[in-house]
Amino acid sequence: GKTVSNTVSVATLFPFLVGIQSDKITLKKLLDRLECKNGISACEKQNYNNTIYQWGYPNMWAPLVYFAFFALKQSGLIDDANRIGEKYLTAVEKTFEKTLKLWEKYDAETGEKATVNEYTETEMLGWTAGVYNDIYEEINQ
C-alpha cells in the first residue's frame, strides 16, 4: 500500500530549495533533526532493526549537503547555511589530510569518512570535489 515515512530526511528541504516553501520556523525544526556535530545527516537517527542504509544516519552525502546549504540560503538562513557548509568543508579537509583522498560520503557525527556502509567506500568521487568547491566559493565570495 501507499505509506509515508515518518523519518525526516534532507529530502524534506527540497521545497525550501526551490522556493515553494519559505517558513523559517519549519526549516529550523527540520534542520534541528538533521544537523549533527560535524555536518548534516542524510536522515535523522532512527532504529532500523540493525539494517544499514547507505543514505541513512549518520551518513553525510555531498549532494544532500548541497541541497541543504542552498535551501537554507534560499530561505534567508545565511548563518545556518554557512555553519552547515563549514562543517562539510572541515570534514572534507580534515579527512583529506589524514587519508590523502576524497570520499563518497562522510560521517556527520565524527566528521571522518563514513563507516556505515552497504558496500566498500568509493574514493575520489567528483561530487565531493564539486560540492566542496561550490560551497567554498559561496562562503568565501
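Shown above is the structure to which this text applies.
Residues numbered from 1 in each chain as written. Predicted model: local features only at pLDDT ≥ 70, side-chain atom pairs only at ≥ 80, totals over all residues. Heavy atoms only, no water.

Enquirer: Can you walk me through the packing of helix H3 (residues 62–74) against helix H4 (residues 78–99) in this structure?
Expert: For any two helices packed against each other, one specifies the inter-axial angle together with the distance between the axes. Running from amino to carboxyl end, H3 crosses H4 at an angle of 160°, the nearest separation of the two axes being 7 Å. Here H3 is positioned roughly antiparallel relative to H4, judged by the angle of their axes. The handedness of the crossing between H3 and H4 comes out as left-handed. In this structure, H3 uses Ala 62, Val 65, Phe 69, Leu 72 and Lys 73 to contact H4, whose residues at the interface are Ile 78, Asp 80, Ala 81, Asn 82, Ile 84, Gly 85 and Tyr 88. Along the lines of polarity and charge, the residues of the contact of H3 with H4 split into eight nonpolar, two polar and two charged. (Axes fitted to C-alpha atoms, helices over the stretch in contact; angles between N-to-C directions. Helix = DSSP H or I, 4+ residues; strand = E, 2+ residues; numbered from the N terminus. Parallel < 35°, antiparallel > 145°, perpendicular 65-115°, else oblique. Left-handed = near helix turned anticlockwise from the far one by under 90°. Contact = heavy atoms within 4.5 Å. Nonpolar A, V, L, I, M, F, W, Y, C, P; charged D, E, K, R; others polar.)

Enquirer: Help me understand the packing of H3 against helix H5 (residues 126–139) in this model?
Expert: It is at 9 Å that the axes of H3 and H5 come closest, and there the two elements cross at 20°. Considered as vectors, H3 and H5 are oriented roughly parallel to each other. Judged by the sense of rotation from one axis to the other, the crossing of H3 with H5 is left-handed. Contact with H3, carried on its side by Ala 62, Pro 63, Val 65, Tyr 66, Phe 69, Phe 70 and Lys 73, involves Trp 127, Thr 128, Val 131, Asp 134, Ile 135, Glu 138 and Ile 139 of H5 and no other residues of that element. Residues that form the contact of H3 with H5 fall into these classes: ten nonpolar, one polar and three charged.

Enquirer: What am I meant to see in the state of the cysteines here?
Expert: As used here, a disulfide is simply a covalent bond connecting the sulfur atoms of two cysteines. Per the counting criterion, the structure on display carries zero disulfides. With no disulfide of its own, Cys 36 has Cys 43 as its nearest cysteine by sulfur position, at a separation of 9.6 Å. (Disulfide = S-S within 2.5 Å.)

Enquirer: In this structure, what is going on with the environment of Leu 125? I would like to understand it.
Expert: Topologically, Leu 125 is positioned in the loop between strand S4 (105–107) and H5. Separated by 40 residues in sequence, Leu 125 and Gly 85 have C-alpha atoms that sit 18 Å apart. If we skip the residues at most four places from it in the chain, Leu 125 touches Leu 102 and Glu 104.

Enquirer: It is not clear to me how unusual backbone geometry should be interpreted in this structure. Could you clarify?
Expert: Both trends apply: most residues other than glycine have a negative phi, and most peptide bonds are in trans. Note that the residue after Tyr 57, namely Pro 58, is joined by a cis bond; omega there is 0°. Examined against the element boundaries, Pro 58 turns out to sit in the loop between strand S2 (39–40) and strand S3 (59–61).

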